[in-house]
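What follows is the residue order along each chain.
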Amino acid sequence: SPSAAKASQTSQGTAVRSPQTEKRIVRLGATQSMDSMNPFLAVRVVSTSIHRWMYGFLTVPDSKTLKPSPDLAESWQTSPDKLTWTFTMRAGATWSDGKPVTAQDAAWTFNKIMTDDGAKTANGPAVENFDTVTASDDRTLVIKTKKPQASMLELPIPIMPKHVWESVPDIGTYENETYPAVGSGPYIAVEHKKNGYVKLKANPSYWRGAPGIDELHVIFYENPEAAIAGLKKGDIDWIGRLQGPQFEALAGDANITQWNTQGRRAAYLQFNPGAATAGGEPIGDGHPALKDVRVRQAIHHAIDKKTLVEQAQNGLAVPADGSIVPPMYQEFFWKAEGDKAVTFDLAEANRILDEAGYAKGADGVRTMPDGKRRLEMRFSIHTDEPVEDKIAQFLTGWLKDIGIQLTTRRLDSNKFTEETGSTALYDIAISGWSVNPDPEEILATHLCSRRPTASGQGGGTESFFCDKEFERLYQAQLAELDRPARVALIKQMQERLYTEAPVVAIYYPNNLEGYRKDRIASITPIPEDKGILYGGSSYWPVYSLRAVERAAAPAGSGSGSGTVVAVAVAVVVVLGAGGFLLMRRRRASADDRE
Amino acid sequence: MTLLELRDLAVTYRSTAGDVPAVRGVSLGLEAGEALGVAGESGSGKSTLAMSLLRLLPRDASVSGEILLDGEDVLTMSWGRLRAVRWASASLVFQGAQHALNPVRRIGDQIAEPLRVHGMATGAEARRRVAELLEQVGLPAWRARGYPHELSGGQRQRVMIAMALACSPRLIVADEPTTALDVMIQAQVLSLIRSLIAEHGIGLVMISHDLSVLASTCDRLAVMYAGRVVESGPSREVFAGGRHPYSRALAEAFPTVGDPASRMAPRGLGGDPPDPAHLPAGCSFHPRCPVSLVSCALEPVELRAVGDGTEAPHTAACVHVSEESR
Amino acid sequence: MLTSPQQVRDDTEEGGARRAVARYALVKLGGALLSIGLVIVATFFLFRLIPGDPTIAYTRDVPVTPEQLALLRRQMGLDRPLGAQFLDFVVRTLRLDLGTSYEYRRPVAELIGERVGPTLLLVGTGLAVAVGLGMWQGTKAAWHHGGRFDRLSTGTALTLWSVPTFWLGLLLLMVLAAGVGPIPGLFPTRGIQDVDAPGGPLYLLHVAHHLVLPCLTLVAVVYAQYLLVMRSSLLEEIGQDYVTTARAKGLRDDDVRRRHAVPNALLPTVTLVFMQIGFVVGGAVSVEFVYSWPGLGLLFVEAIRGPDYAVMQGTFMLVCVAVIVMNTLADVVYHILDPRVRSA
Amino acid sequence: MTLLEARDVRVEFASRGRRARAVDGVNLAVGEGEIVALVGESGCGKTTLARTLLGLERPTSGSVRYGGVPLAYSSRALRAHRREVQLVLQDPTGSLNPRHTVYEAVAEGPRIHRLPGEGALVAEALSRAGLRPPERFFDRHPHELSGGQRQRVVIAGALALEPRVLVADEPVASLDASVRGEILALLLRLRAELGLSALVVTHDLGLAWNIADRVAVMYLGRIVESGPVERILTSPSHPYTRALLSVLPESPSPVVLGGEPPDPTRIPAGCRFHPRCQVLASGAAAEAGVDGLCASGELPVLPSSAEAQVACHHASASARREARTETEAERL
Amino acid sequence: MARTRRRAALTRFRRRYARQRAGLYGAAILLVVVLAALLTPLLTDPSGMDVTKATGARMAPPSMDFPLGTDESGRSVLLMLLWGARVSLLIGFMSALLSMVIGTVFGIAAGHFRGWVAAVLMRVTDWFLVLPALVLAMVLAAILGGGPSTIIVAIGVTSWASTARLIRAQTLAVEARPYIERSRALGAGHWHVMTRHVLPNVAPLVLANTTLMVASAIVTESTLAFLGAGSGQVSWGTMLRGSYDWGAATSGAWWYVLPPGLCIIAVVLAFTLCGRALETVLNPRLGGAS
Ligand SMILES: Nc1ncnc2c1ncn2[C@@H]1O[C@H](COP(=O)(O)OP(=O)(O)OP(=O)(O)O)[C@@H](O)[C@H]1O
Ligand SMILES: Nc1ncnc2c1ncn2[C@@H]1O[C@H](COP(=O)(O)OP(=O)(O)OP(=O)(O)O)[C@@H](O)[C@H]1O
Ligand SMILES: [Mg+2]
Ligand SMILES: [Mg+2]
């Protein structure tokens, strides 16, 4: 029959193409599954990562410096008023279906997000400030913004093929589950089993040239322990974003490379410094003592960051001597030195509080100077976060020693966001942030204007902080186009945060990953020296992947089906034996028994 | 040859609370076509006796003596032989028919089951036989397709009887077949049993606590007390002229309507029935006996012949009997 | 003398019985509908009890303007009075519109639809094996009760019943899937199938291979219930007179058991088995989580973690309704099977 | 003097979507110091009537009167009624809570009614019921007693309230034959000592003969014949009574009625006994010319009179031809 | 007099219970565990549970100082087991108690009263019976927020229905006994019948059922903890969750994974065995036959 003939032809074709070696496949484990294949909707890390591999962006962080570098946009210009950006699109880049990538595609993508509420879900805020986006010709994209925007070269928006997506009636509900998906990135998605896996094939027509492997499988695990077991066993080849314990469990396995580098996250505590709305109306029920910067500093002294790193992060983090920008970003990183540095010193903390008039009661708990209220505070963490639980356990212990009684509140993430972000029903809360190469956004979360409106709508404040000096520095850096000068201003902002302590950074978790040496020959992190492999905002690592070449029909899928056959045989044998025994028993029981 | 002969049958239940001698040395005989009534109050061992005839007692019962069914000892038979004997030679009608029938199987199937088991009939033949049996006990044949709960108590008891007749056994043991039934239904069932026995010449052992019922149905009577037969003989003699005080008490318990002697004068026996686990020494009846002697408490009394014993044998286990006969 | 006890056959009897069953089924159906109604009401208020603004939850990861929030409130109907919201909720639920997932931004009904298959496979297989195993062992244990088999099987079952499902799952995963020491990892570590699963009949084997451990875990923990139920129900039957009757008829021990005692014991067991389905669904939550089995349980755990109230609400309702339906079905089937209650 | 009386009592139940007329118009009176036996086959409504007399069942129509006063159904009135009228049930084993001692079982009544001197009441009731010395039984549990003793305890429990009337529902049916006489003798003695009246429900005519002054024969919710025991049990007029008497074991020529106990959801028209009536079947009724009447003519509800009376078309017809009836009754 | 009677009853009970071998094993385990839980505060220092005061190395294997090794913060696993037993047992007992009280009240009322009261009660019971308990408990725990009392309520509220069913069936059986009729005839009201006759007769069943309920409550607690709805205190369930979170299994720290699980199994099994033994001993129908 024709179809059978076709099938045998294709298999022959493959055999001809690589007679000796098997397909080069790398299997990546992820402890999350895709929320959506539609880049307009997807927000999970796994989804945005995969979309970065499937679609081109205007720019991509440079693999060494992380500075914006050309991707689908070959070059760009800014108008003097910094309101008009003109991108020149790459010539010769094509979609995986062969059509050329044009400025119209980009313009369509941005305009769609700007005009269609359904398309705003994932990246709406990134285009909030856009005035118009037009394609003046196939290669020229013009974006006009309402105000100057520094992050224009880090737009997290994949450029989508207009000719495919134009006909989608409702982007907000579209699943984008047609395969192979049309994209312009190094990989093409060819299969997605929901909650199972995504199968990506190398894009042969990728403008930089096809990646060095044939297929990349992303396999979803709900259970991180199972994922580690899978990596050790060889069910997967690579896994990123590990927690300390899982990372440690990989130690000692000769086939596995442990990948431990500085991370882009900062973990910090936020205090309720007397929360108010953007208009200055006090809100929430924060403990009054926390309005006192001395109390915040005393608490800072009572945090043993090294122990926390050791205990909560298995030693796989950098204790924070600075503020909320991690040391990975060397350029912007600021560190307190000398006298300024707040060290773990319970005596000092006690001294500060004594001096400030917070007297200890008979039970060791302090009261406010006016004697009215005891220093009994709540510590808000997320439910189901073992690390936060651990931090809470330690913090409770230390604060007890300085006369502050801490009780832990576990909140689901909705409630947590609401109580720490808009209603201010907290005293101390845990927080963390993945910092982008440019720290402007994270610093902006401590601006007065980010506090919620009077109607309680959150503006994205991370601390309810409102400080004149901090505001001044922020405005100054916005206007400063000279990079070193801006960097200096940004460091000053960090110092201000450090001394005023609306937030206290506790550590910067490392990026922890692992991969099998016997499967992955090489992989280039980003940045190239000691960077991230999975979850970074670029495709470099997966693009640079090289698999270990192997002879045809080795372990891989062969072992899988081998096991299947073995199990099948075993089942048959067991059933047979069981049946036989049953028959015998039946016959035996036919005898007289009572 | 004697159809059924019990020789010194004894059954003891071994329970955690101690041994319960439920039957203590019973010897009885039954000829083919004869009906034997066994009377006695609750706990005197009547059901135990009945169940032991086909070795249906629970595992914790130990049996001794001999049960000769057509000369063959049931107690020493092989299981295979026993299975063949069960129902084909002797069948049972139980005390509570509502429980003795499987509630979820069709009546016809249940009647036909022994036929199939003993290879007597299958398929259409079995169905025909079932219909025949049902007609015999006065039930329409279509009832075979019904379930036990659709029948009234009397009808169920009739189904039990039909089932007992299925394999044309030579002996039927009926354990209180009418106790749970209403007066009128009881009369129906009793007359059915009587007519069937007469027609088929089947040996019948009928158990009841109502001496008057037995007397009207059976040829001979045996009265049990605390696991022993205390009197046995022809029905009329035992019922109307019982020699053991217990038999007399039983006979008087149900008055004859119209008999002025019993009007406004209920008669009964003082005291409580014995606990089989703690039987009194001597004659086990002596604590309740209105005519007991000192010696009664000391040594057990064996069965003694009443009268000259020429005709049907009549025996009673009472000291007064021997005195009289002397 | 016997005055004719002739019974006139009541021709309507069978029709009457059928009508009785139909009436019973209707009553049960009514009860089930009422229960489902209660579930809907309870779900509405249960999830309204959750403090917090659903719109904020919905826009958790996405910065939005107050105008957008207001729009969303209107879209979600949160600006309307509670009564109207409730009516709206009922109408939409009846139309199988279970809302939109906060996490997936897709209709909950659709998400559930995707997950039902794997859960049915897991729970169905598990239940079948557990019921089979439990009943077989229960029967044997009861028949020789007090014996070695009884003590051994009851003991084993009770011990396994005491094991927390997730813990057993993790241990089995570590030992049989990951491999420990000399024990090779024989089974997959996750999911229902791998990339590049074989096609055709081999696919079934492939999935079966993935099913082994989750199923084993589920069965190990739940089969004790069936064993115990079967055992006690059979013990009860063994004490009944009709069993003695059967033995008196000369039936073989095996036949007494197979033809009389077991079928009768089975009937009450059936309902109990169905009653337990709810618990099995509960057990499947842990199992699916441990083995990344893409079923409803996993969806539910994810939703709890989210928290994705829309999905939580939807799965909760679905599971409740499913169990109610199963129970009703069991009641009716039992009614049809058991002649005792059939025409009562 | 009439103590307890049922006046035209009807009790209906909903049974499988139908109405079961369990008691369908009954007049029955128990006089002071009188023992009345209520006999009939299973399901004819005896127990229902007995329960109605205690106020445990509410009549659909008609009334229960005690001392001429209709019974009210407030819980207060019921409680008062139950001090005067007490119930003894068929199954003494079931009637005693296995967890209660004899003392507690007997003291339950006095406790409910908050009577003073509980201990003395209990002791007295027990010894009246023939459990002497009472102290020996105080601490026993029902399972440590024989059946007869249990029934005595139940009777003692009723006596502890010092009632005037005892309603006994098959008091000896589940007892051993040998014990039966003792319990019946106890009832007679209580009447002699305390002047206690009793309504004894039974299906055993021998029992009525043993202790009752008057007997009422019930069939399908109605009393079909009643009167002094000697009269009714020696020369019954109703064919049903005759059939009941004829199936007693020693009776020479049993008339076994066919069919099953009648169904109170389908009460036949005319005389409710006519489908099973042997007189009608034998043609005697037709001879007397009442066969049509039997099938369709409603019979009146018998009044609660002490005189012998019968609800039967044939018997009434025969009564009119007195002389012949007399001889016939004798021959039977 | 009453006392001697009660003592005699107790002796009888003890003798009959002693015949239940499995029940004896169960009781022995329970005795040990309950004693340990009660004595723990007297014998050990609670500061050992404070992570900031922990002295051991992180996840160290068993040693002389730490017979069962240490957890991820260097606390003694043995110590945690002892303190965890208190929370696990507390949650087990309290939720079983709650469930039993609700179940008994509902069951007796539904069995005693007729008409619409019973119909409504039964409807509610049936409804709770079919609700998937674990799922509902998780929803409740999510709604009510963390803490042991939440867990207790969540388990109690979701598990009483089967007790109510059982109690109702038993109540119906008791109510059908003639002694209830006799009691009514003596003039007893609803309250008297329910408290003097029904309750004492269902009490043994309630006791046995509660024992079984404790068992399943302990398992449920651990499952809830594992699925993320923990009580926030160290219990065996949260220990298991901790061992999972901190990768004890993959890094081979068997001393952290196995003991809490085995403790749960032992105690749950013990409760189950005791419950079954009690059922057998106290249920007059089973009459001491196993
Ligand atoms: N399985 C058993 N284990 C221990 N004792 C038993 C057992 N079965 C019966 N008994 C005891 O044996 C004695 C005789 O019992 P059996 O059933 O034969 O009496 P019965 O004469 O048939 O009484 P009833 O008239 O009440 O049927 C009784 O005391 C009873 O308690
Ligand atoms: N609670 C009830 N609901 C429905 N039907 C009832 C109820 N109680 C009694 N009946 C019916 O009323 C009729 C009379 O019952 P009752 O118990 O009074 O008869 P009885 O003469 O005492 O019979 P028995 O001799 O069997 O005790 C029966 O057909 C019975 O089925
Ligand atoms: Mg018997
Ligand atoms: Mg009655």
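Throughout what follows, the structure given in this document is the object of discussion. Residues take numbers from 1 onward in each chain, read along the sequence in its written order. Note on labels: chains are lettered from A, ligands numbered from 1, in written order. Only residues with pLDDT of 70 or above have their local features reported here, since the model is predicted, and side-chain atom pairs are shown and tallied only from 80 upward, although totals for entire chains, interfaces and linings are computed over all residues. The side-chain numbers reported here are obtained from all heavy atoms of the structure, hydrogens and water having been left aside.

### Side note on the sheet that holds strand S19 (residues 511-516) of chain A
Residue and element names in this part refer to chain A.
Inference 1: A pair of strands is considered paired only if DSSP assigns at least 2 bridges between the two. Secondary structure elements are defined from DSSP: runs of H or I of at least 4 residues count as helices, runs of E of at least 2 residues count as strands, and each element is numbered from the N terminus. Here we have seven strands laid out as an open sheet, ordered S8-S9-S10-S1-S11-S19-S12, and mixed in their pairing. On the outer flanks of this sheet lie strand S8 (187-193) and strand S12 (256-261), each paired with one strand and no other.
Inference 2: Pairing geometry for S12 and S19, over six bridges, is antiparallel. Bridging from a neighbouring strand, Gln-258 pairs with Gly-514 of S19.
Inference 3: Packed on one face of the sheet, helix H6 (residues 224-233) meets strand S11 (238-239), S12 and S19 and runs near 35° to S19. Every residue pair with non-hydrogen atoms within 4.5 Å of one another is taken to be in contact. For every element, the axis is a line fit to its C-alpha atoms; helices are fit only across the contacting stretch, and the angle between N-to-C directions ranges from 0 to 180 degrees.

### Here we look at a nonpolar patch on the surface
Inference 1: For patch detection, residues must exceed 30% relative accessible area and be free of salt bridges, and they are connected within 9 Å for like charges or within 5 Å for nonpolar side chains (Val, Leu, Ile, Met, Phe, Trp, Tyr). Each accessible area is a Shrake-Rupley result for a 1.4 Å probe, and residues are judged covered by the shown protein chains and nothing else. We count a salt bridge whenever a side-chain nitrogen from Lys or Arg sits within 4 Å of a carboxyl oxygen from Asp or Glu. Together, Leu31(E), Leu35(E), Leu38(E), Leu39(E), Leu42(E) and Leu43(E) give the surface a local cluster of nonpolar side chains, amounting to about 670 Å² of exposed area.
Inference 2: By the element assignment, Leu31(E) lies in helix H2 (residues 21-43).

### Overview of the site of ligand 1
Residue and element names in this part refer to chain B.
Inference 1: Taken together, 14 residues lie near ligand 1, and Ser-42, Lys-46, Ser-47, Thr-48 and Pro-276 sit nearest.
Inference 2: Tyr-13 places a side-chain nitrogen or oxygen 3.5 Å from a nitrogen atom of ligand 1.
Inference 3: Isolated, ligand 1 exposes 640 Å² of accessible area, and the fraction of that covered by the protein chains is 69%.
Inference 4: Looking at the shell around ligand 1 element by element, the count peaks at three residues for helix H1 (residues 46-53).
Inference 5: Three classes are used, and their members are as follows: Ala, Val, Leu, Ile, Met, Phe, Trp, Tyr, Cys and Pro are nonpolar, Asp, Glu, Lys and Arg are charged, and the others, Gly among them, are polar. When its residues are assigned to classes, the shell around ligand 1 shows four nonpolar, seven polar and three charged. One heavy atom suffices: a residue is near a molecule or strand as soon as one of its heavy atoms comes within 4 Å of it. Contacts described as polar in this section are N or O atom pairs within 3.5 Å, which, within protein, must combine one atom able to donate a hydrogen with one able to accept it, while residues neighboring in sequence count only if both atoms come from side chains.

### With respect to the sheet that holds strand S5 (residues 84-89) of chain A
Residue and element names in this part refer to chain A.
Inference 1: Here we have four strands laid out as an open sheet, ordered S4-S5-S7-S6, and antiparallel in their pairing. The open sheet has two edge strands, strand S4 (73-78) and strand S6 (130-137), and neither has a second partner. Neighbour to neighbour, the strand axes of the sheet diverge by 20° on average, direction disregarded.
Inference 2: Sheet topology note: the S6/strand S7 (residues 140-145) ladder contains six bridges and is antiparallel. Paired with Thr-134 across the strands is Val-142, a residue of S7.
Inference 3: Here helix H3 (residues 103-115) sits on the sheet and contacts S5, S6 and S7; the angle it forms with S6, its principal contact strand, is near 160°.

### Section: the interface of chain E and chain A
Inference 1: Listed as interface residues are 23 residues of chain E and, on the opposing side, 25 residues of chain A.
Inference 2: As used here, buried area is the combined drop in accessible area, with a 1.4 Å probe, of two parts when they are placed together. Roughly 1800 Å² of surface becomes buried between chain E and chain A when both sides are summed, with 49% attributable to carbon and sulfur atoms.
Inference 3: When residues of chain E are sorted by the area they lose upon contact with chain A, Arg58(E), Trp246(E) and Thr250(E) head the list and together hold 34% of the total.
Inference 4: With a closest N to O distance of 2.4 Å, Lys390(A) and Glu72(E) form a salt bridge.
Inference 5: Those elements that provide at least two residues to the side of chain E that touches chain A are helix H5 (133-144) and helix H9 (236-245) of chain E.
Inference 6: Examining the composition of the side of chain E that touches chain A, we find that three residues originate from one element, H9(E), more than from any other.
Inference 7: For the side of chain E that touches chain A, the class distribution of residues is eight nonpolar, seven polar and eight charged.

Read these as spatial facts, not as claims about activity.
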